[in-house]
Amino acid sequence: MIRLPKPRILFKYRKFDKSSLELLLNRELWFAKADTLNDPFEASSSFSNVLNAVWEHYPMPLHVRVKYEEALKHSLQTVGICSFSKARKNQLMWSHYADEHKGICIGFKEEYLRESGVKFFGTNVEYQDNYPFDDIIKRIHYFEKGNSYNGLDNIAGDILLSILTTKYTSWKYERERRLIVQNFGARKFEPLAVNSIALGLRMNERDKKTLQTLLSGPEWSHLKWFQSTKSSTKYSLDFIRIG
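J.: Got a minute to help me understand unusual backbone geometry in this structure?
T.: When glycine is set aside, most residues are seen to have a negative phi, and most peptide bonds are trans. Within the chain, arginine 27 stands out as a residue other than glycine whose phi angle is a positive 55°. The topology assignment puts arginine 27 in the loop between helix 1 (18–25) and strand 2 (28–33). Taking relative accessible area as the criterion, arginine 27 reaches 27% and is therefore assigned partly exposed. At aspartate 99, a position not held by glycine, the phi torsion is positive, near 55°. Secondary-structure assignment places aspartate 99 in the loop between helix 4 (91–97) and strand 4 (104–109). In this structure aspartate 99 comes out as partly exposed when scored by relative accessible area, which is 27%.

Next up, the structure:
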């Protein structure tokens, strides 16, 4: 008997507020501009430093460097990023992004988002201390070996991917996966793309009832509801199925 692989579930930690309700009721995910990300050492904020590190270890003629920098600047101004975590039991994520456990954690099926018509590139974030110049140089070498794949767009695209998917080691606890689209903005999804909602340990009972009432229609009947609780044996969260 062939076992099909389990669908990848991506988790989005949210404060329970108007923005989160709009996300669910309007069925829209926001793909943010690179320069709005919360880490000042990534993406638009650091791309000049990353490129300087690349050129320092892999010198190129000035006119070639300028072409890459212009292409990357344009892409960074238009690309959109939607961030998720691969873990639901992350207490730091609950504290930092879900209003100190008073919010929610929404589980999305990545394949269903794609089937909803959202055209994205999904990739895990890499964590390291240094800027990703080593990986970028390896990719430049790779493209240079195959003339059919060589070119400004291919190499610039690979550099862009490294810039968008590399963060400092301290962020490793997030276990982040990013969905990247060519142009930032809202993207619609179908209700089936939402697999589950976990309610925070400290979430107000009235807020719980409000959310469950708003998502009580037949289009949400597949939704799995969980209540987060403290583990009785360790410093951890457990999740009890409540619907």
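Read on for the rest.
J.: Sorry if this is basic, but what is going on with the layout of surface pockets here?
T.: Where empty space is left becomes clear once a probe the size of a water molecule has been rolled over the atoms. Here the largest pocket defines a volume of roughly 700 Å³. Along its surface, the largest pocket is lined by 31 residues, and Lys12, Tyr13, Arg14, Ser83 and Tyr97 are the ones closest to its centre. Elements that contribute at least two residues to the lining of the largest pocket include exactly strand 1 (9–14), helix 1, strand 2, strand 3 (80–85), helix 4 and strand 8 (176–181). For the lining of the largest pocket, the element with the most residues is strand 3, which contributes 5 residues.

J.: Where do I start with the state of the cysteines in this structure?
T.: Simply put, the disulfide is a covalent bond whose two ends are the sulfur atoms of two cysteines. On inspection of all chains with the given rule, the structure shows 0 disulfides. Left without a disulfide partner, cysteine 82 is nearest to the cysteine sulfur of cysteine 105, which lies 13 Å away. By relative accessible area, cysteine 105 is classed as buried at 1%.

What counts, and at which threshold
Residues numbered from 1 in each chain as written. Predicted model: local features only at pLDDT ≥ 70, side-chain atom pairs only at ≥ 80, totals over all residues. Heavy atoms only, no water. Helix = DSSP H or I, 4+ residues; strand = E, 2+ residues; numbered from the N terminus. Buried < 20%, exposed > 50% of the residue type's maximum accessible area, 1.4 Å probe, protein only. 1 Å grid on protein atoms, 1.4 Å probe; cavity = no way out; pocket = protein on both sides within 12 Å on 5 of 7 lines; lining within 4 Å. Points joined across faces, edges and corners; volume = space filled by probe spheres on them. Disulfide = S-S within 2.5 Å.

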